[in-house]
Amino acid sequence: MTGTVPTLAFWGLALLTIAGAAGVALSGHMVRSAFSLFAALFGMAGIYALLQADLMAVVQLLVYVGGISVLVLFAVMLTSGIGRVGTDNPSHRPIGGLLVLLAVLIPALGLAFRMPLGIESPADPTVAPIGDALLGRFVLPFEVVSVLLLAALVGAVNLARGWRRDPEERPSEEGR
Amino acid sequence: MSVGLPHLMFLSAVLLALGLYTMVTRRNAVAILMGVELVLNAGLLNLVAFSRFGRGIDGQVFGVFGVVLAAAEAVVALAIVLQVFRAMRSVDASRADRMKE
(Lines give C-alpha, C1' and ligand atoms only; values in the text may rest on other atoms or scores of the structure.)
Protein backbone atom coordinates (compact mmCIF):
# COMPACT_ATOMS: atom_id res chain seq x y z
CA MET A 1 0.00 0.00 0.00
CA THR A 2 1.54 3.27 -1.02
CA GLY A 3 0.13 6.76 -0.90
CA THR A 4 -1.11 8.92 1.92
CA VAL A 5 -4.76 7.91 2.03
CA PRO A 6 -4.27 4.11 2.30
CA THR A 7 -1.55 4.64 4.89
CA LEU A 8 -3.76 6.89 6.99
CA ALA A 9 -6.64 4.43 6.59
CA PHE A 10 -4.36 1.59 7.69
CA TRP A 11 -3.26 3.38 10.83
CA GLY A 12 -6.82 4.45 11.64
CA LEU A 13 -8.06 0.88 11.32
CA ALA A 14 -5.05 -0.46 13.20
CA LEU A 15 -5.78 1.99 16.01
CA LEU A 16 -9.43 0.87 16.09
CA THR A 17 -8.35 -2.78 16.20
CA ILE A 18 -5.72 -2.29 18.90
CA ALA A 19 -8.07 -0.14 20.98
CA GLY A 20 -10.71 -2.82 20.72
CA ALA A 21 -8.27 -5.55 21.71
CA ALA A 22 -7.06 -3.45 24.62
CA GLY A 23 -10.66 -2.97 25.69
CA VAL A 24 -11.17 -6.74 25.64
CA ALA A 25 -8.01 -7.26 27.65
CA LEU A 26 -8.45 -4.50 30.22
CA SER A 27 -12.13 -3.64 30.69
CA GLY A 28 -13.63 -4.75 33.97
CA HIS A 29 -17.11 -4.93 32.56
CA MET A 30 -18.08 -7.97 30.50
CA VAL A 31 -20.47 -6.17 28.14
CA ARG A 32 -17.86 -3.53 27.44
CA SER A 33 -15.34 -6.28 26.66
CA ALA A 34 -17.83 -7.84 24.25
CA PHE A 35 -18.41 -4.58 22.39
CA SER A 36 -14.67 -3.93 22.30
CA LEU A 37 -14.27 -7.31 20.63
CA PHE A 38 -16.89 -6.16 18.13
CA ALA A 39 -14.80 -3.05 17.35
CA ALA A 40 -11.59 -5.07 17.02
CA LEU A 41 -13.16 -7.57 14.61
CA PHE A 42 -14.68 -4.73 12.58
CA GLY A 43 -11.27 -3.05 12.31
CA MET A 44 -9.79 -6.33 11.11
CA ALA A 45 -12.43 -6.53 8.37
CA GLY A 46 -11.44 -3.03 7.29
CA ILE A 47 -7.79 -4.02 7.15
CA TYR A 48 -8.62 -7.05 5.00
CA ALA A 49 -10.52 -4.74 2.66
CA LEU A 50 -7.52 -2.41 2.58
CA LEU A 51 -5.31 -5.39 1.71
CA GLN A 52 -7.68 -6.10 -1.20
CA ALA A 53 -8.52 -9.47 0.28
CA ASP A 54 -12.17 -8.90 -0.56
CA LEU A 55 -13.46 -12.38 0.21
CA MET A 56 -11.70 -12.44 3.58
CA ALA A 57 -13.15 -9.01 4.42
CA VAL A 58 -16.69 -10.16 3.65
CA VAL A 59 -16.21 -13.46 5.49
CA GLN A 60 -14.81 -11.58 8.48
CA LEU A 61 -17.85 -9.28 8.50
CA LEU A 62 -20.38 -12.07 8.08
CA VAL A 63 -18.89 -14.75 10.32
CA TYR A 64 -16.95 -12.81 12.93
CA VAL A 65 -18.79 -9.50 13.27
CA GLY A 66 -22.24 -10.85 12.44
CA GLY A 67 -21.93 -14.29 13.96
CA ILE A 68 -19.31 -14.90 16.58
CA SER A 69 -19.48 -11.54 18.34
CA VAL A 70 -23.30 -11.74 18.54
CA LEU A 71 -22.90 -15.25 19.94
CA VAL A 72 -20.39 -13.98 22.50
CA LEU A 73 -22.79 -11.18 23.40
CA PHE A 74 -25.55 -13.75 23.92
CA ALA A 75 -23.27 -15.81 26.14
CA VAL A 76 -22.41 -12.70 28.15
CA MET A 77 -26.06 -11.83 28.61
CA LEU A 78 -27.11 -15.38 29.48
CA THR A 79 -24.46 -15.88 32.12
CA SER A 80 -24.51 -14.06 35.40
CA GLY A 81 -23.04 -10.93 36.84
CA ILE A 82 -24.24 -8.31 34.37
CA GLY A 83 -25.57 -6.21 37.24
CA ARG A 84 -22.30 -6.19 39.16
CA VAL A 85 -20.41 -3.64 37.12
CA GLY A 86 -16.69 -3.78 37.69
CA THR A 87 -16.63 -7.23 39.24
CA ASP A 88 -18.30 -9.39 36.63
CA ASN A 89 -15.15 -9.70 34.55
CA PRO A 90 -12.60 -10.49 37.22
CA SER A 91 -8.95 -10.63 36.35
CA HIS A 92 -6.22 -12.09 38.44
CA ARG A 93 -2.44 -12.32 38.30
CA PRO A 94 -1.98 -9.14 36.21
CA ILE A 95 1.78 -9.34 36.82
CA GLY A 96 1.96 -12.81 35.31
CA GLY A 97 -0.21 -11.65 32.44
CA LEU A 98 2.07 -8.69 31.86
CA LEU A 99 5.10 -10.99 31.84
CA VAL A 100 3.42 -13.23 29.25
CA LEU A 101 2.48 -10.16 27.22
CA LEU A 102 6.05 -8.85 27.17
CA ALA A 103 7.54 -12.31 26.58
CA VAL A 104 5.41 -12.64 23.45
CA LEU A 105 5.37 -9.05 22.29
CA ILE A 106 9.11 -8.31 22.34
CA PRO A 107 10.27 -11.25 20.17
CA ALA A 108 7.26 -10.86 17.89
CA LEU A 109 7.94 -7.17 17.37
CA GLY A 110 11.62 -7.92 16.84
CA LEU A 111 10.65 -10.35 14.09
CA ALA A 112 8.08 -7.97 12.65
CA PHE A 113 10.48 -5.09 12.21
CA ARG A 114 13.09 -7.29 10.54
CA MET A 115 10.59 -8.23 7.83
CA PRO A 116 11.23 -6.90 4.35
CA LEU A 117 8.64 -4.41 3.19
CA GLY A 118 7.39 -6.93 0.66
CA ILE A 119 6.06 -6.53 -2.85
CA GLU A 120 2.34 -6.40 -3.29
CA SER A 121 0.86 -8.79 -5.76
CA PRO A 122 -1.42 -7.14 -8.32
CA ALA A 123 -4.81 -6.19 -6.95
CA ASP A 124 -6.98 -8.69 -8.74
CA PRO A 125 -10.33 -9.77 -7.33
CA THR A 126 -9.75 -12.80 -5.14
CA VAL A 127 -13.21 -14.36 -5.06
CA ALA A 128 -12.91 -16.34 -8.30
CA PRO A 129 -9.39 -17.72 -7.65
CA ILE A 130 -10.38 -18.69 -4.09
CA GLY A 131 -13.47 -20.44 -5.41
CA ASP A 132 -11.37 -22.27 -7.98
CA ALA A 133 -8.88 -23.29 -5.31
CA LEU A 134 -11.63 -24.45 -2.92
CA LEU A 135 -13.17 -26.74 -5.53
CA GLY A 136 -9.87 -27.69 -7.11
CA ARG A 137 -6.74 -28.31 -5.11
CA PHE A 138 -8.44 -27.83 -1.74
CA VAL A 139 -11.55 -29.88 -2.34
CA LEU A 140 -10.69 -32.49 0.30
CA PRO A 141 -10.16 -29.95 3.13
CA PHE A 142 -13.31 -28.20 1.93
CA GLU A 143 -15.37 -31.36 2.36
CA VAL A 144 -13.72 -32.16 5.69
CA VAL A 145 -14.54 -28.67 6.94
CA SER A 146 -18.17 -29.03 5.88
CA VAL A 147 -18.43 -32.28 7.82
CA LEU A 148 -16.75 -30.59 10.79
CA LEU A 149 -19.27 -27.74 10.64
CA LEU A 150 -22.13 -30.23 10.66
CA ALA A 151 -20.59 -32.06 13.62
CA ALA A 152 -20.06 -28.79 15.49
CA LEU A 153 -23.64 -27.72 14.79
CA VAL A 154 -25.14 -30.99 16.03
CA GLY A 155 -22.77 -31.08 18.98
CA ALA A 156 -23.52 -27.51 20.01
CA VAL A 157 -27.28 -28.02 19.81
CA ASN A 158 -26.97 -31.23 21.80
CA LEU A 159 -24.78 -29.55 24.42
CA ALA A 160 -26.92 -26.43 24.76
CA ARG A 161 -30.13 -28.45 24.97
CA GLY A 162 -28.74 -30.19 28.01
CA TRP A 163 -29.54 -33.58 29.37
CA ARG A 164 -31.23 -34.89 32.45
CA ARG A 165 -28.81 -36.12 35.04
CA ASP A 166 -31.18 -38.87 36.11
CA PRO A 167 -33.56 -40.51 33.65
CA GLU A 168 -36.23 -40.77 36.35
CA GLU A 169 -35.89 -37.12 37.32
CA ARG A 170 -38.77 -35.09 35.96
CA PRO A 171 -37.76 -32.16 33.77
CA SER A 172 -37.99 -28.98 35.79
CA GLU A 173 -39.69 -25.91 34.45
CA GLU A 174 -36.77 -23.50 34.39
CA GLY A 175 -34.34 -25.13 32.05
CA ARG A 176 -32.32 -28.27 31.76
CA MET B 1 4.58 6.65 3.08
CA SER B 2 3.77 3.07 2.55
CA VAL B 3 2.48 0.12 4.50
CA GLY B 4 4.22 -3.20 4.13
CA LEU B 5 4.69 -6.49 5.90
CA PRO B 6 6.37 -5.04 9.03
CA HIS B 7 3.35 -2.88 9.82
CA LEU B 8 0.92 -5.76 9.45
CA MET B 9 3.18 -7.99 11.54
CA PHE B 10 3.28 -5.25 14.19
CA LEU B 11 -0.52 -5.17 14.33
CA SER B 12 -0.66 -8.95 14.44
CA ALA B 13 1.93 -9.12 17.25
CA VAL B 14 0.01 -6.59 19.36
CA LEU B 15 -3.24 -8.51 18.83
CA LEU B 16 -1.56 -11.80 19.76
CA ALA B 17 -0.05 -10.32 22.92
CA LEU B 18 -3.31 -8.70 24.04
CA GLY B 19 -5.21 -11.92 23.34
CA LEU B 20 -2.73 -13.94 25.39
CA TYR B 21 -2.93 -11.36 28.18
CA THR B 22 -6.72 -11.76 28.16
CA MET B 23 -6.45 -15.56 28.25
CA VAL B 24 -3.98 -15.51 31.13
CA THR B 25 -5.61 -12.94 33.39
CA ARG B 26 -9.36 -13.50 33.00
CA ARG B 27 -11.41 -15.74 35.22
CA ASN B 28 -14.65 -15.41 33.28
CA ALA B 29 -14.77 -18.26 30.76
CA VAL B 30 -16.49 -16.10 28.13
CA ALA B 31 -13.72 -13.50 28.44
CA ILE B 32 -11.11 -16.23 27.97
CA LEU B 33 -12.90 -17.17 24.75
CA MET B 34 -12.67 -13.55 23.61
CA GLY B 35 -8.91 -13.79 24.12
CA VAL B 36 -8.85 -16.92 21.99
CA GLU B 37 -10.71 -15.05 19.25
CA LEU B 38 -8.12 -12.25 19.33
CA VAL B 39 -5.26 -14.75 19.01
CA LEU B 40 -7.02 -16.46 16.09
CA ASN B 41 -7.49 -13.11 14.40
CA ALA B 42 -3.80 -12.33 14.78
CA GLY B 43 -3.01 -15.60 13.01
CA LEU B 44 -5.52 -14.93 10.24
CA LEU B 45 -4.07 -11.47 9.67
CA ASN B 46 -0.65 -13.09 9.17
CA LEU B 47 -2.07 -15.52 6.62
CA VAL B 48 -3.76 -12.77 4.63
CA ALA B 49 -0.73 -10.46 4.83
CA PHE B 50 1.70 -13.09 3.58
CA SER B 51 -0.74 -14.05 0.84
CA ARG B 52 -1.01 -10.39 -0.22
CA PHE B 53 2.70 -9.69 -0.17
CA GLY B 54 3.82 -13.05 -1.39
CA ARG B 55 2.67 -15.07 -4.32
CA GLY B 56 -0.53 -17.02 -4.79
CA ILE B 57 -3.88 -17.14 -3.09
CA ASP B 58 -3.26 -20.11 -0.77
CA GLY B 59 -2.93 -17.96 2.34
CA GLN B 60 -6.40 -16.55 1.88
CA VAL B 61 -7.90 -19.97 1.22
CA PHE B 62 -6.34 -21.11 4.47
CA GLY B 63 -7.69 -17.96 6.11
CA VAL B 64 -11.23 -18.86 5.05
CA PHE B 65 -10.75 -22.32 6.58
CA GLY B 66 -9.45 -20.64 9.72
CA VAL B 67 -12.56 -18.48 10.03
CA VAL B 68 -14.76 -21.56 9.65
CA LEU B 69 -12.81 -23.41 12.34
CA ALA B 70 -13.04 -20.36 14.62
CA ALA B 71 -16.80 -20.28 14.17
CA ALA B 72 -17.13 -23.98 15.00
CA GLU B 73 -14.87 -23.54 18.03
CA ALA B 74 -16.85 -20.56 19.30
CA VAL B 75 -20.20 -22.31 18.94
CA VAL B 76 -19.14 -25.46 20.80
CA ALA B 77 -17.19 -23.57 23.46
CA LEU B 78 -20.07 -21.21 24.21
CA ALA B 79 -22.48 -24.13 24.44
CA ILE B 80 -20.13 -25.73 26.98
CA VAL B 81 -19.90 -22.44 28.90
CA LEU B 82 -23.69 -22.17 29.06
CA GLN B 83 -23.90 -25.75 30.30
CA VAL B 84 -21.24 -25.08 32.94
CA PHE B 85 -23.18 -22.01 34.00
CA ARG B 86 -26.33 -24.08 34.37
CA ALA B 87 -24.54 -26.68 36.45
CA MET B 88 -22.54 -24.35 38.73
CA ARG B 89 -24.31 -20.98 38.49
CA SER B 90 -20.96 -19.42 37.61
CA VAL B 91 -18.64 -19.06 34.64
CA ASP B 92 -15.54 -18.64 36.78
CA ALA B 93 -12.97 -20.83 35.03
CA SER B 94 -11.01 -21.43 38.24
CA ARG B 95 -14.10 -22.78 40.00
CA ALA B 96 -15.13 -25.23 37.29
CA ASP B 97 -12.71 -27.90 38.40
CA ARG B 98 -14.99 -30.89 38.89
CA MET B 99 -15.76 -33.32 36.12
CA LYS B 100 -18.91 -34.53 37.86
CA GLU B 101 -20.73 -33.44 40.94
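Residues numbered from 1 in each chain as written. Chains lettered and ligands numbered in written order. Predicted model: local features only at pLDDT ≥ 70, side-chain atom pairs only at ≥ 80, totals over all residues. Heavy atoms only, no water.

## Some points on the overall build of chain A
- When you go through chain A residue by residue, the secondary structure sums to six helices and zero strands.
- From first element to last, N terminus to C terminus, chain A shows the α and β order α-α-α-α-α-α.
- Restricting the contact set of chain A to residue pairs at least 6 apart, pairs at least 24 apart contribute 58%.
- Of the roughly 10,300 Å² of accessible surface on chain A, a fraction of 72% belongs to carbon and sulfur atoms. (Helix = DSSP H or I, 4+ residues; strand = E, 2+ residues; numbered from the N terminus. Contact = heavy atoms within 4.5 Å. Areas by Shrake-Rupley, 256 points an atom, 1.4 Å probe, with all protein chains shown as cover.)

## Quick look at helix 4 (residues 94–113) of chain A
All names here are of chain A.
- The terminal C-alpha atoms of helix 4, which comprises 20 residues, lie 27 Å apart, in line with the 28 Å expected from a rise of 1.5 Å per residue.
- If you check which residues of helix 4 are buried, you get Gly97, Leu101, Leu105, Ala108, Leu109 and Ala112. The buried residues of helix 4 occupy an angular sector of 105° when projected down its axis, which confines them to one face. Among the exposed residues of helix 4, those pointing more than 90 degrees away from its buried face are Ile95, Leu99, Ala103, Ile106 and Leu111. (Expected span 1.5 Å × (residues − 1). Buried < 20%, exposed > 50% of the residue type's maximum accessible area, 1.4 Å probe, protein only. Arc of directions from axis to C-beta.)

## A word on the nonpolar core
- Core analysis: the biggest nonpolar cluster contains 75 residues, and Leu8(B), Val30(B) and Met34(B) have the highest contact counts within it.
- Contributions of two or more residues to this core are made by helix 1 (4–26), helix 2 (30–50), helix 3 (54–78), helix 4 and helix 5 (127–135) of chain A together with helix 1 (5–25), helix 2 (29–53) and helix 3 (58–88) of chain B.
- Setting aside residues no more than four positions away along its own chain, Met34(B) makes contact with Val24(A), Met30(A), Ser33(A), Ala34(A), Leu37(A), Val72(A) and Val76(A). (Core = buried A, V, L, I, M, F, W, Y, C linked by side-chain atoms within 4.5 Å.)

## Quick notes on helix 3 of chain A
- With 25 residues, helix 3 of chain A extends 34 Å between its outermost C-alpha atoms, agreeing within 8% with the 36 Å of an ideal straight helix rising 1.5 Å per residue.
- The largest bend in helix 3 of chain A is about 30°, located at Tyr64(A).
- For helix 3 of chain A, the set of buried residues is Leu55(A), Met56(A), Ala57(A), Val59(A), Gln60(A), Tyr64(A), Val65(A), Ile68(A), Ser69(A), Val72(A), Ala75(A) and Val76(A).
- Of the surrounding elements, those touching the buried residues of helix 3 of chain A are helix 2 and helix 5 of chain A together with helix 2 and helix 3 of chain B. (Bend = angle between axes of the 7 residues up to and from the residue.)

## A short note on a nonpolar patch on the surface
- Taken together, Leu135(A), Val139(A), Leu140(A), Phe142(A) and Val144(A) make up a surface patch of nonpolar side chains, about 460 Å² in accessible area.
- Of note, Val139(A) is situated in helix 6 (residues 139–161). (Patch = residues over 30% accessible without salt bridge, like charges linked within 9 Å, V, L, I, M, F, W, Y side chains within 5 Å. Salt bridge = Lys/Arg side-chain N within 4 Å of Asp/Glu carboxyl O.)

## With respect to the packing of aromatic side chains
- Inspection of the entire model under this criterion finds four aromatic pairs over all chains.
- Taken together, a centroid distance of 6.4 Å and an interplanar angle of 65° make the contact between Phe35(A) and Phe38(A) edge-to-face. Here the residue Phe35(A) and the residue Phe38(A) both occupy positions in helix 2, the gap between them amounting to three residues, near one helical turn.
- In this structure Phe38(A) comes out as partly exposed when scored by relative accessible area, which is 34%.
- Within the aromatic cluster, the residues linked to one another by ring pairs are Phe10(A), Trp11(A), Phe113(A) and Phe10(B). (Phe/Tyr/Trp six-rings, centres within 6.5 Å; stacked < 30°, edge-to-face > 60°.)

## Side note on unusual backbone geometry
- A positive phi angle, near 60°, is found at Gln52(A), a position not held by glycine.
- In this fold, Gln52(A) is placed in the loop between helix 2 and helix 3.

## Some details on the interface of chain B and chain A
- Counting residues at the interface gives 67 residues for chain B and 89 residues for chain A.
- Each partner contributes to the roughly 7,200 Å² buried at the junction of chain B and chain A, and carbon and sulfur atoms together form 77% of this total.
- Inspection of the chain B/chain A interface yields one salt bridge.
- Residue Asp58(B) is joined to Arg137(A) by a salt bridge in which the shortest nitrogen-to-oxygen separation is 2.9 Å.
- At the junction of chain B with chain A, the criterion picks out 10 residue pairs in polar contact (both at pLDDT 80 or more).
- Only helix 1, helix 2 and helix 3 of chain B provide two or more residues apiece to the side of chain B that touches chain A.
- With 23 residues, the single largest contributor to the side of chain B that touches chain A is helix 3 of chain B.
- Broken down by class, the residue content of the side of chain B that touches chain A amounts to 48 nonpolar, 12 polar and seven charged. (Buried area = accessible area lost by both parts, 1.4 Å probe. Polar contact = N/O pair within 3.5 Å; in protein donor to acceptor, adjacent residues only side chain to side chain. Nonpolar A, V, L, I, M, F, W, Y, C, P; charged D, E, K, R; others polar.)

## Concerning the side chain of Thr17(A)
- Along the chain, Thr17(A) falls in helix 1.
- Ignoring sequence-local partners within four residues, the contact set of Thr17(A) consists of Ala40(A), Gly43(A), Met44(A), Ile47(A), Leu11(B) and Leu15(B).

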